[in-house]
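# Report on the structure
Listed here are the chains, written in short residue letters.
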Amino acid sequence: LGAPYDWRLAPDSDSMQTTFVALQKLIEDAVSRTGQKVVIVSHSMGCLVSQAFLKQTETAMPGWVGQHVYEWVPASGPFGGAASSVQGAVSGETLGMSFLPHDLFRPVQSACTSGFWLSPIPSVFGSDVLVSTHSKNYTCSDNDLRQLYSDLGLSLMSDTFDRVLPWRANLDQPIQPRDALRVTCFVGQGVKTTSVSLQTPYRWLS
């Protein structure tokens, strides 16, 4: 069974909550029909969405995950964040389609609240510079990212940054009891991914 979602939305948005209700019903119906627990397979940003769904549902209804989910299989989950999300806000990220202009993607990527959930996490990225201009460098620290969004004039992202951070940090706490959910992660090796995104000055960033 497939469970699509709007990738532009952060998992704590009202619209995403509607998706979670539908996903919960989909899982419950499948378990009721087959008599077997489900295996949830998610990919990329869908891993963060699944993580939020499982944690939120188990918190609201203790024991639900153990009764309905046999295993969660996240593939290529960006649990440590992604530098490309910052690139999307600054200049646009072409998603590997280099023949398309960055400007084509930036209006959508710079307005997506899901970008917060993909922000690089300091414990993973360290103090590396993510964005460099002629007058200032930005790392992935909370203060630097908050200032970056503000300097870019992205009021939506800047205003909601503090709201999203505690919610995301809570997701990283394991579902209790720890044996309530079996997890098998799939990660790639030898695949080039962006770790540092050095940017020359853009017209959006003074």
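Residues numbered from 1 in each chain as written. Predicted model: local features only at pLDDT ≥ 70, side-chain atom pairs only at ≥ 80, totals over all residues. Heavy atoms only, no water.

### Focus: the overall build of the protein chain
Scanning the protein chain from N- to C-terminus turns up nine helices and five strands. The order of α-helices and β-strands along the protein chain, N terminus first, is α-β-α-α-β-α-α-α-α-β-β-α-α-β. The buried share among the 206 residues of the protein chain stands at 44%. Across the protein chain, the fraction of contacts at a sequence separation of at least 24, relative to all contacts at a separation of at least 6, is 69%. Accessible surface computed for the protein chain: about 11300 Å², of which carbon and sulfur atoms make up 55%. (Helix = DSSP H or I, 4+ residues; strand = E, 2+ residues; numbered from the N terminus. Buried < 20%, exposed > 50% of the residue type's maximum accessible area, 1.4 Å probe, protein only. Contact = heavy atoms within 4.5 Å. Areas by Shrake-Rupley, 256 points an atom, 1.4 Å probe, with all protein chains shown as cover.)

### Examining the pairing of strand β2 (residues 69-75)
Of all seven residues that make up β2, five are buried, and the element is covered over most of its length. Both strand β1 (residues 38-43) and β2 contribute to a ladder of six bridges, which runs parallel. Bridged to Val 39 within β2 is Glu 71. (Pairing = 2+ DSSP bridges.)

### Overview of the sheet that holds β2
Overall, parallel pairing links the three strands, which are arranged β1-β2-β5 in an open sheet. A single partner strand is all that each edge strand has here, and the edge strands are β1 and β5 (182-183). Examined bridge by bridge, β2 and β5 share two bridges and lie parallel to one another. Looking across to β5, one finds that Glu 71 is bridged to Arg 182. Across the sheet, helix α2 (residues 45-60) is in contact with β1 and β2; its angle to β1 comes to roughly 140°. (Axes fitted to C-alpha atoms, helices over the stretch in contact; angles between N-to-C directions.)

### Some thoughts on the packing of aromatic side chains
Describing an aromatic ring pair means giving the distance of the ring centres and the angle of the ring planes. Counted by the stated rule, this structure contains three aromatic pairs. Aromatic pair Trp 72 and Phe 79: ring centres 6.1 Å apart, planes at 85°, arrangement edge-to-face. You can call Phe 79 partly exposed: its relative accessible area is 26%. A connected cluster of aromatic rings, assembled from ring pairs, spans Phe 20, Phe 53 and Trp 64. (Phe/Tyr/Trp six-rings, centres within 6.5 Å; stacked < 30°, edge-to-face > 60°.)

### Considerations on the pattern of salt bridges
Summed over the entire model, instances satisfying the criterion amount to four salt bridges. Salt-bridge contacts for Glu 71 lead to Arg 182; the nearest nitrogen and oxygen are separated by 3.7 Å. Of the two residues, Glu 71 is situated in strand β2 and Arg 182 in strand β5; the sequence distance between them amounts to 111 residues. Taking the relative accessible area as the measure of exposure, Glu 71 reaches 11% and is therefore buried. On the basis of relative accessible area, Arg 182 is assigned to the partly exposed category, the value being 45%. For the salt bridge of Lys 136 with Asp 151, the shortest nitrogen-to-oxygen distance reads 3.9 Å. You can see Lys 136 sitting in the loop between β3 (131-132) and β4 (137-138) and its partner Asp 151 sitting in helix α8 (residues 142-151), a full 15 residues away along the chain. Judged by its relative accessible area of 27%, Asp 151 is partly exposed. (Salt bridge = Lys/Arg side-chain N within 4 Å of Asp/Glu carboxyl O.)

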